[in-house]
Amino acid sequence: MSATAGLTQGVVLHARPLRENSRVLDLLTAEAGRLSAVVRGKAGSVQPFVLLDLAWRGRGELPTLNVAEQQRVFPLTGRALVCGLYLNELILRLYPHDAPIPEALPALLSAYARLAARERADTVLRRAEWALLAPLDSGLEHVDPAELDPDAWYRYDPEAGMERVAAGRSEAIPGVALQALASACDVPDNQARVSRDFMRRLIDTHLAGRPLRTRGLL
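What comes next is a walk through the structure. Sequence order as written defines residue numbering, which begins from 1 separately in each chain. Restriction of local features to residues with pLDDT of at least 70 applies here, the model being predicted, together with a cutoff of 80 or more for giving and counting side-chain atom pairs; totals for whole chains, interfaces and linings are based on all residues. No hydrogens and no water enter the side-chain calculation; it runs on all heavy atoms of the structure.

1. Some remarks on the state of the cysteines
For step 1, the next point in the chain: Any pair of cysteine sulfurs within 2.5 Å is marked as a disulfide. Applying the stated criterion across every chain yields a total of 0 disulfides.
For step 2, the next point in the chain: Sulfur of Cys 83: no disulfide; nearest cysteine sulfur belongs to Cys 185 and is 20 Å away.
For step 3, the next point in the chain: Remark: exposure states derive from per-residue accessible area (1.4 Å probe, protein chains only) relative to the maximum for the residue type, with buried under 20%, exposed over 50%, and partly exposed in between. Exposure remark for Cys 83: the relative accessible area of 0% places this residue in the buried category.

2. A word on the environment of Leu 136
For step 1, the next point in the chain: Helix and strand definitions here come from DSSP, where helices need a minimum of 4 consecutive H or I residues and strands a minimum of 2 consecutive E residues; each element is numbered from the N-terminal end. For Leu 136, the location among the structural elements is in the loop between helix H3 (121-133) and helix H4 (138-141).
For step 2, the next point in the chain: On the basis of relative accessible area, Leu 136 is assigned to the partly exposed category, the value being 29%.
For step 3, the next point in the chain: Taking C-alpha positions, Leu 136 is 17 Å from Glu 31, a pair spaced 105 residues apart along the chain.
For step 4, the next point in the chain: The contact definition used throughout considers only heavy atoms, calling two residues in contact when any of these lie within 4.5 Å. When sequence neighbours within four positions are dropped, the list of residues in contact with Leu 136 reads Leu 94, Tyr 95, Ile 101 and His 206.

3. Some words on the sheet that holds strand S6 (residues 153-157)
For step 1, the next point in the chain: Criterion used throughout: strands pair if DSSP finds at least two bridges between them. With antiparallel pairing, 3 strands are arranged side by side in an open sheet as S7-S6-S8. Since the sheet does not close on itself, it has two edges, and those belong to strand S7 (161-165) and strand S8 (173-174), each with one partner.
For step 2, the next point in the chain: One ladder, built from 5 bridges, connects S6 with S7; its direction is antiparallel. Within the sheet, the bridge partner assigned to Asp 157 lies in S7 and is Gly 161.

4. What about the environment of Tyr 95?
For step 1, the next point in the chain: Mapped onto the elements, Tyr 95 comes out in the loop between helix H1 (78-94) and helix H2 (104-116).
For step 2, the next point in the chain: For Tyr 95, a relative accessible area of 4% puts it in the buried group.
For step 3, the next point in the chain: Residues Tyr 95 and Leu 28, 67 residues apart in the sequence, show an inter-C-alpha distance of 9.5 Å.
For step 4, the next point in the chain: When near neighbours in sequence (up to four residues on either side) are disregarded, Tyr 95 contacts Arg 34, Ile 101, Ala 104, Leu 132, Pro 135 and Leu 136.

5. Considering the pairing of strand S3 (residues 33-40)
For step 1, the next point in the chain: Counting buried residues along S3, 7 of its 8 residues qualify, which places the element largely inside the surrounding structure.
For step 2, the next point in the chain: The sheet contact formed by strand S2 (residues 22-29) and S3 spans 8 bridges and is antiparallel. Across the sheet, the residue bridging to Asp 26 is Ser 36, located in S3.
For step 3, the next point in the chain: Counting the residues that bridge the hairpin from S2 to S3 gives 3 residues.

Without other data, these values stay purely geometric and don't point to any function.
Below, the structure written as structure tokens:
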């Protein structure tokens with residue numbers, strides 16, 4: 001990492017105290033991906049669910065944040081807030097440090113905006129989960145909605161890929177729901193539960209046993 005980072009956009013995923021008047025921030029940024037930085041003396045704007053213009057200085061694992069200019073606030077409350085915390089934790093658990101993934105920040109900001117607009121939480125989460133997982137899973141990234149049969153059923157294995165299976169088979173998902181996920185559309189209401197279960201199994205595979213604390217709140 002360079003001694004001084006140029007200005008880039010990002011959000012705070014999590015903050016924890018370091019010492020008096022200092023905190024360690026876990027950030028998702030447009031250009032540097034996920035990173036941690038120390039912030040000193042700043043309070044109000046350096047919070048989760050705020051889009052920031054950011055810059056930092058220093059080398060090593062904990063550079064110092066020296067610019068954090070607020071650009072947009074996403075007012076999340078109640079269930080929408082819990083959903084936002086869940087997506088933040090998902091990125092913290094799955095994304096490596098210092099690995100730029102250009103699709104991640106736009107997907108997260110889109111989810112924040114839809115949650116703030118009080119759209120249905122389950123449809124927002126399914127679209128966001130797919131968008132955040134696809135860059136980490138080449139099998140998902142290359143699923144072509146046009147090649148899926150909406151009347152068929154499919155099973156996905158991260159190693160073997162997508163395979164067509166018998167209707168109603170355990171761990172399978174209907175083609176119509178899979179098409180919606182893969183094309184960044186909302187899943188039909190009658191496919192909400194099977195889509196949730198499909199994405200949960202997929203996420204659990206990538207988590208490899210690591211827990212998600214916010215899942216219990218959902």
